[in-house]
Structures are given as structure tokens and as C-alpha cells.
Amino acid sequence: MTPIRISIAASIASLLLLLIVFELIRGRRLKERYALLWIATGLVLLVLSAWRDGLNMVAGWLGVSTYPPAILFAVATLFIIIVLLYYSTVLSKLADENTILAQRLALLEQRLTYVCDGVTVRAADREPGSEHPGETG
Amino acid sequence: MTDPRVIAVVPARNEEGAIGDVVDEIRRCNSLFDVVVIDDGSTDDTAGVAASRGAAVVRLPYNLGIGGAVQTGFQYALEEGYDRAVRLDGDGQHDPSALALLLGPIERDEADIVIGSRFVHGSGAYRPPLGRRIGISWFAKLVSVLTRQRVTDTTSGFQAMNRKGISLFARDYPNDYPEVEATLLVYKHRLRLVELPVEMREREHGESSITFARSIYYAIKVTLALLVAMARKHAVPEEEAGTG
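As the structure is a computational prediction, the values presented were derived from the model and not from experiment.

Novice: Describe the overall build of chain A, listing the residues and the values that go with them.
Specialist: Looking only at helices and strands, chain A features 5 helices and 0 strands. Along chain A, helices and strands appear, N-terminal first, in the series α-α-α-α-α. Put simply, chain A has 137 residues, and 15% of those count as buried. Within chain A, contacts between residues at least 6 apart in sequence are counted, and of these 48% link residues at least 24 apart.

As C-alpha cells, this is what we get:
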């Protein structure tokens, strides 16, 4: 059976997590789309902590009925892995977009320099003695 | 029929000592070539030196790595409407006098992309350090198996391509150590690839961007990327609309 003190402590911790996430969203420091996974984590942990029979039942299914709180650890770990994996995809996308932005910026800047003061001169236009006078204009 | 417009794409990072000669030499070998130097977040005067020798300079706001820099060059070539692009490194290890040779199969419409290989039979006595040599031959074998075409040098940054190649690489180009994956990309998009033997010179200035520890990391990363890339579907490049 699950010790009552663990149920109480885990419930409080889950509630705290939910409260912090809620506060972060309210203060616009966390976007809803990134908060969803955390809210799901908090809710699942809260349900499993407060609903002791439920926790015992799940522990029974998985053959750890001697120590049901192990399920809490397992679920929390699982959710953390999911959140991290999701963040890796977000990071990858940001990195790609960052690259595109840097490339666009650099190309635009080059064009701007070219338009503004003609510092950038094409090969054919440049050399006075060139056999092929610039036709690229 | 006017001559095709050719641009030399030169990625450079902290190569102020070499970049001036590289630009001059390209010009001396091929007076019609335009040169664009992609300054990949240099902290020295690479951009200034290149501009003073008359190259167009695209300055990336921060270091993107070789793949991102080279891709920027191809984007420039695409947008400025060039018909051919050649690519060579900013450290002077590629000899610009070989560029005409590389462009040959493209002018004859026998290839979309030509790679200057250091290992095709007949090329000089280029002997990189052991670790590098193992890596190069590992990737050459792996890519040869995957593409069912004999490739000897998948890490060469000495290349020439036509408009098809430019538009493919402008849209999709891998990152670190990009030439290996790019070879696969070329195969996936059914572009014609030809390797020609070239001589490689010793680096005159600066250091290679790849140290030993990093090369192990790259070897693993690129192998993984290759296998994943094989499982991925790439769109065949869209037919070119008449661009201005």
C-alpha cells in the first residue's frame, strides 16, 4: 500500500507545479503551446497522487504492488522525457529558422550595399583593361 | 547566345591572410568570373580584404558553419541569375586554374555537378593525415554503396555546377561537413554527378576547421545523417520557371 504521507506530499508537489505553470502563463512568460505538456504532467501526477486506489490499481497491473509510489516516479520520468524530446524539436526548428534569417539578412545587406554606393563591383566592370567590358550592368 | 555567367562562391572564415590572393587568382584565371565571398562570421578583416579585391561580399551576422555559408553563396548565385557556380575554399587550397577543367562536363551538358576529387586515379600525391584519410574513404565507400555510383571523394569542397545544381543547393544544403550529405542529395534528386581528378595544395594560412576530436564526432553524425537521408523522400527539384 502507498504510505499516506507520500500521497499528501506528491499531491502538494503536483499542485505546486500546476500553480507555477499557471502563474507563468498568466505573466506571459510561458506560451500556452509549450505549457500544455507541463499541465498534462501536473494533472496526471496529481490524479495518481490523490487517487490512492487508482495508484494501487496501476501498480497492480504493472506488478509493483509492493511499492506503488514507484509508479509516480515512472510517470514523472516519462513525462520529462516527452517534454525534453519536444523541446529538442522546437530547438531544431528555431535553429533552422535562425539560419534562414541570417542568410536573408546577409543577402539583403549585400544588395543594399551594392545599390547604395556601388562598392561591390562585378569582375567585368572592374578591370579597366578587361577584354570583356561589362555587359551584366 | 551569350556566354553563361559564372560565379565563384568562396566561403571564408578568418582568412584575411589568404582571401585576397584567392580572389585575385580566380580573376586571373578566368577574367569573366564574378566572385562572391561569404564571410561566415569572421572576427578579422576577411570581408574588407575581399571587397577591396573586387569580390561581392556577403557577411553573415554570425557564424553559421560551412554548410550554411556555402548555401548562402548558392542563394546569391540563384537570385543574381547566374548560370554556373563554382565553389572553392577561402584558404587557397583549391587551385583556381582547375576551374575551367571542372566546368568542362557542364558546358558539354554531361553533368549537373562536377566534383574535384583528390583521389580519382591520376590525381597527385595528396596525403591527408591518417584520421582524415580513414574518414574520407569511409564516407566514399558508404556513399558509393548508397548511391550505387563510384564516388572517391565525398568531402571535396571543390565543385562546379549548373543552374540545376545551384537551385538544389540554394534550397536544401546540409550543415557541418556538408559535402558528404550533399552528394547523396544530388543522387536523390537525380542530378548527374561527375568526379574529376584535381591537385590539392597545402593550406597557406589559418588552420583547417576540423580537428581530430571533432572529426570523430562528425564521422558519427554524418553517418547517421546519411542513413536517415536515405530513408527520407526528397522532392525532385521543381522545373525552373523563367527567372529574370
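Now that the structure is up, let's keep going.
Novice: With reference to specific residues and values, describe the environment of N30 of chain B.
Specialist: Relative to the elements of secondary structure, N30 of chain B occurs in the loop between α1 (19–29) and β2 (34–40). If sequence neighbours within four positions are ignored, N30 of chain B has contacts with L99 and A100 of chain B.

Novice: Which residues make up unusual backbone geometry, and what values do they have?
Specialist: For R28 of chain A, which is not glycine, the phi dihedral falls at a positive 60 degrees. Mapped onto the fold, R28 of chain A is located in the loop between α1 (4–26) and α2 (32–50). Overall, the presence of 7 C-beta atoms within 10 Å leaves R28 of chain A in the exposed class. Of note in the backbone geometry, R148 of chain B takes a positive phi value of approximately 50 degrees without being a glycine.

Novice: Describe the confidence of the model for chain B, with residues and values.
Specialist: Overall, the prediction assigns chain B a mean pLDDT of 83, with 86% of residues at 70 or greater. If you check the scores for this complex, the pTM reads 0.79 and the ipTM reads 0.81.

Novice: So, the sheet that holds strand β1 (residues 6–12) of chain B: which residues are in play, and what are the values?
Specialist: All names here are of chain B. Read from one edge of the open sheet, 7 strands run β3-β2-β1-β4-β6-β5-β7, paired in mixed fashion. Because the sheet does not close on itself, it has two edges, and the strands there are β3 (56–60) and β7 (193–197). Ignoring strand direction, the axes of neighbouring strands in this sheet form an average angle of 20 degrees. Its contacts with the sheet put helix α4 (residues 99–107) on β4 (84–87), β5 (113–117), β6 (159–162) and β7, and the angle it makes with β6 is roughly 35 degrees.

Novice: Summarise the nonpolar core; cite the residues concerned and give the values.
Specialist: When a protein is soluble and globular, its nonpolar side chains tend to lie buried together. Counting residues in each nonpolar core, the largest one holds 72 residues, and the members touching the most others are V9, V10, V35, V36, V37 and F74 of chain B. For this core, the leading source of residues is helix α3 (residues 66–79) of chain B, giving 7 residues. Among all residues touching V36 of chain B, those that are not within four sequence positions of it are I7, V9, V10, A55, A56, V58, G73 and Y76 of chain B. Counting 7 residues, the second largest nonpolar core, distinct from the first, contains L45, L48, A59 and I71 of chain A.

Novice: Account for the pairing of β4 of chain B, naming residues and giving values.
Specialist: Residue and element names in this part refer to chain B. Every second residue of β4 is oriented toward a common face, with R84 and V86 on one face and A85 and R87 on the other, all of them buried. As paired elements, β1 and β4 share 4 bridges and run parallel to each other. Along β4, the bridge assignment pairs V6 with R84. In terms of strand pairing, β4 meets β6 through 4 bridges, oriented antiparallel. Of the residues in β6, the one forming a bridge with V86 is A160.

Conventions we followed
Residues numbered from 1 in each chain as written. Chains lettered and ligands numbered in written order. Predicted model: local features only at pLDDT ≥ 70, side-chain atom pairs only at ≥ 80, totals over all residues. Helix = DSSP H or I, 4+ residues; strand = E, 2+ residues; numbered from the N terminus. Buried ≥ 20, exposed ≤ 12 C-beta atoms within 10 Å, placed from the backbone. Contact = placed C-beta atoms within 7 Å. pLDDT = per-residue confidence, 0-100. Pairing = 2+ DSSP bridges. Axes fitted to C-alpha atoms, helices over the stretch in contact; angles between N-to-C directions. Core = buried A, V, L, I, M, F, W, Y, C linked by C-beta atoms within 7 Å.

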